[in-house]
Amino acid sequence: MRVRAAAFVALVATLALVPLHASAQADPNKVLRVAFPVAETGLDPQATNDIYSTYVQRAIFDPLYTYDVLARPYRIVPNTAAALPEISPDGLAWTIRVKPGIYFNDDPAFKGRKRELTAADYVFSIKRVLDPKMRAPQLQAFDGLFDGADAVVAKAKETGKFDYDAVMPGLQATDRYTIRIRLVHTAYDLLPNLTIATGAAVAREVVEAYADGNGWVMQNPVGTGPFRLKEWRRGQKIVLEANPGFRDMRYPDSADPADRGIVAKLKGRKLPMIGTIDISIIEESNPRLLAFEKGDLDYIQVPPDLVPNVLQPDNTLQPRFAKAGVTLARGIQPAVSYTYFNMEDPVVGGYTKDKVALRRAIGMAFNTDEEIKVLWHGQAVPATGPIPPHVIGYDPKFNGHVSYDMPGAKALLDKFGYVDRDGDGFRDMPDGKPLVLAIGSAPDARGRQYEELWQKTLTGLGVRVEFKKQKWPDLLKMARAGQLQMWYLGNINVTTDGYSFLGLLYGKHAGLTNISRFNLPEYNKLYDQSRSMPDTPERTKLFRVMSGLVTAYAPWNLEVYRYENLIVYPWVIGYKYNAFSNHPWMYYDIDLKMPRRPVQQ
């Protein structure tokens, strides 16, 4: 969600360069079949931030900027913006111009008129993120940035109503296509954050027509993107169809020799090329992999618990997959997996020495190497800090990973009075009350694997544990509401800047992205200080201190950085591994002439 402007090269299409089929619309006979392991939570880009909802939103809605689908290193380019921002020398004044002639999908909210995308739509959408009533989970992307915003937000908190028409000098549409931004401090992560779904444009008329009591529009997504919603059975299936009114966008060029094959086939083609995206929610690993093997899915991320079914010990494909022409894409995700502790919980929360000791002892008793071996089949490495590799801000010199030490964990609990007082074999609190932990868990095979690992860990430590079993979207709601004591999950970045990971522990974001509700004044002060700093050695030092505080106070038990393995059938044209977006469907094509020879025939 971060920084730095990149050069943008405009490609001028001429008859000599554009293939004869370039003006063709998306082919309705081409259907791309994919699967999510977790259900979406909703389709309002300002009201959600789980990755599976985000994948769908990015197909329906348009942010101002995006990442070049082919460029490596990853590079930000204009999407609906006419160019990269014009930024004043002090970094505080930004001017962004929206391309004219872009239109929202037709909807009754527009009362029969063709509705053009304007600068005011982006201003309105960003204001939705700031609206306290929305409780936008990605508030950290825009909070505290715009001149005059704090006064409008404070008034909304006082009156219970956000005034979307109030003058905000730092965020204005000065004409139909021009956005003027005035920042209260330099924000090197603003440009990357203008690529995320949270900053995508929604129409005010749509929100006013369909919003629920929270101001959310979860079920009526109306955007300007390459696809629109055709069918939706919540938690089961999402079907997108190509937007017939999508603007004239073409497949880009690339000078990278590695892209030569893709570019030869797709350069200049009108986007999107596929008529339908069929998304199935398949929570269990075995049915999901089986669907791919039978050819019912065109590509999938290999379920971590089934990696040995697909990969050989050297991480190459099993012969039966290679024989079917399947290709493998593999890399470390820009993600961190951890178990969080609710810092407001009376048992595991708090900042006193005894509470810190309890959390640290639990971390010492957790065997990450066993997790990597049993749950990830070697497809992970121990997490050393909140910021993962391959994003800006990662510090390879910092190692905050807690080593497995069961004897040490027991000794630490003994020292602070967490001992068995009644002879039942389980430890009690220092005040004599029973010590019982409660961990959120999904009712699927993966959830059961984690339960077994945590049960083994905590039984060995002499601590009782219970599991709160709910579907993943419900667990997320409970976590944000502070209703879970502990839960294991991961956060993944959709931009190249890793600063947002530190925002997951910022006190003001408690109950939004900060589901651990960690609120340490020293950490908060350093976070505020670092917001206006560029990516320099000085900022790296500050990040190292912040990461050290996370290790010391242990609101998270850091676990792993994960490898992901994606397998793709040969009839999917244009696939290129993208660590920040597994599903850039607009850029894919399907070869209908290629014979279908699935792995399992």
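Since this is a predicted model, take the numbers as computed values, not measurements. Sequence order as written defines residue numbering, which begins from 1 separately in each chain. Restriction of local features to residues with pLDDT of at least 70 applies here, the model being predicted, together with a cutoff of 80 or more for giving and counting side-chain atom pairs; totals for whole chains, interfaces and linings are based on all residues. Side-chain numbers here rest on the full set of heavy atoms in the structure, without hydrogens or water.

1. Focus on the overall build of the protein
Each helix and strand counted, the protein has 17 helices and 20 strands in total. The globule rule used for comparison is 2.2 Å times the number of residues to the exponent 0.38, while the radius of gyration itself is calculated over C-alpha atoms. On C-alpha atoms alone, the protein measures out to a radius of gyration of 25 Å, which is about the 25 Å that the 2.2 N^0.38 rule sets for 601 residues. Structurally, the protein occupies a C-alpha span of about 80 × 65 × 45 Å along its principal axes. Note on classification: 1.4 Å probe, protein chains only; a residue is buried when its accessible area is under 20% of the maximum for its type, exposed when over 50%, partly exposed between these limits. Burial statistics for the protein: of 601 residues in total, 59% are counted as buried. Throughout, a residue-residue contact means that at least one pair of heavy atoms, one from each residue, lies within 4.5 Å. The long-range share in the protein, meaning contacts at least 24 apart out of those at least 6 apart in sequence, stands at 72%. To measure how exposed things are, a 1.4 Å probe is used in the Shrake-Rupley method; for residues, cover is taken only from the protein chains shown. Looking at the protein as shown, the accessible area adds up to about 24,300 Å², and 53% of this sits on carbon and sulfur atoms. Neither His nor the chain ends is counted toward charge; the positive residues are Lys and Arg and the negative residues Asp and Glu. Where a charge lies is defined by one atom per residue type: Lys uses NZ, Arg uses CZ, Asp uses CG and Glu uses CD. One way to put it: in the protein the 73 positive side-chain charges average out to a point 3 Å from where the 66 negative ones average out. Only DSSP runs of H or I covering at least 4 residues are called helices, and only runs of E covering at least 2 are called strands; the numbering of each starts at the N terminus.

2. Things to note about the packing of aromatic side chains
Aromatic contacts are taken between Phe, Tyr and Trp rings whose centres are within 6.5 Å, Trp giving its six-membered ring; a plane angle under 30 degrees counts as stacked, one over 60 as edge-to-face, and the others as tilted. One pass over the full model with this rule turns up 26 aromatic pairs. Relative to Phe580, the ring of Tyr74 has its centre 4.9 Å away and its plane inclined at 85°; by these criteria the two rings are edge-to-face. With Tyr74 in the loop between β2 (65-67) and β3 (76-78) and Phe580 in the loop between β19 (572-573) and β20 (589-590), this pair connects stretches of sequence that are 506 residues apart. A relative accessible area of 23% means that Tyr74 is categorised as partly exposed. Counting every residue linked through ring pairs, the aromatic cluster contains Tyr351, Phe518, Tyr523 and Tyr553. In this scheme, the term charge over a ring applies when either NZ of a lysine or CZ of an arginine sits within 6 Å of the ring centre and within 35 degrees of the ring normal. The ring of Tyr103 has Lys114 sitting right over it, with the charged end atom 4.5 Å from the ring centre. Positioned above the aromatic ring of Trp376 is the side chain of Arg446, whose terminal nitrogen or guanidinium carbon lies 4.4 Å from the ring centre.

3. Quick word on the pairing of strand β5 (residues 93-97)
As paired strands, strand β4 (residues 86-87) and β5 are joined by two bridges and run antiparallel to one another. Across the sheet, Ile87 pairs through a bridge with Trp94, a residue of β5. Whether two strands pair depends on DSSP finding at least two bridges between them. Hairpin connection between β4 and β5: a loop of five residues separates the two successive antiparallel strands, and Gly91 in this loop has a positive phi of roughly 80°. Both β5 and strand β7 (residues 178-182) contribute to a ladder of five bridges, which runs antiparallel. The residue bridging Arg97 from the neighbouring strand is Thr178, located in β7.

4. Regarding the pairing of strand β9 (residues 237-242)
Of all six residues that make up β9, five are buried, and the element is covered over most of its length. Two strands pair when backbone bridges link them, and strand β8 (residues 227-233) and β9 are joined in this way by six bridges, in the antiparallel orientation. Considered in β9, the bridge of Leu229 is made with Leu240. Between the antiparallel neighbours β8 and β9 lie three residues, among them Gly235 with a positive phi of about 75°. Strand direction decides the pairing type here: β9 and strand β10 (residues 274-281), joined by five bridges, are antiparallel. Across the sheet, the residue bridging to Ile238 is Ile279, located in β10.

5. Details of the sheet that holds β9
Across the sheet, which stays open at both edges, the four strands sit in the order β1-β10-β9-β8 with mixed pairing between neighbours. Two strands lie at the open edges of the sheet, namely β1 (27-36) and β8, each paired on one side alone. On average, adjacent strands in this sheet sit at an angle of 20° to one another, irrespective of strand direction. Here β1 pairs with β10 via seven bridges, running parallel. Bridging across to β10, Val31 finds its partner in Thr276. Each axis is a line fitted through C-alpha atoms, taken for helices only over the stretch in contact, and angles between the N-to-C directions span 0 to 180 degrees.

6. Observations regarding the sheet that holds β5
Here four strands make up an open sheet; going across it, the order is β4-β5-β7-β6 and the pairing antiparallel. In this open sheet, the two edge strands, each paired with only one partner strand, are β4 and β6 (171-175). Strands in contact with helix α2 (residues 119-130) are β6 and β7; relative to β6, the strand with the most contacts, it is inclined by about 170°.

7. Details of the side chain of Glu451
Take Glu451: it is sitting in helix α13 (residues 445-461). The class for Glu451 is buried, based on a relative accessible area of 14%. Throughout this description, a polar contact denotes any pair of N or O atoms lying within 3.5 Å of each other; where both atoms belong to protein, one of them has to be capable of donating a hydrogen while the other can accept it, and for residues adjacent in sequence the pair is counted only when both atoms sit in side chains. Polar side-chain contacts of Glu451 include one of 2.4 Å to the side chain of Lys469. In this structure, Glu451 is in contact with Ser441, Ala442, Phe467 and Lys469, ignoring residues within four places of it in sequence.

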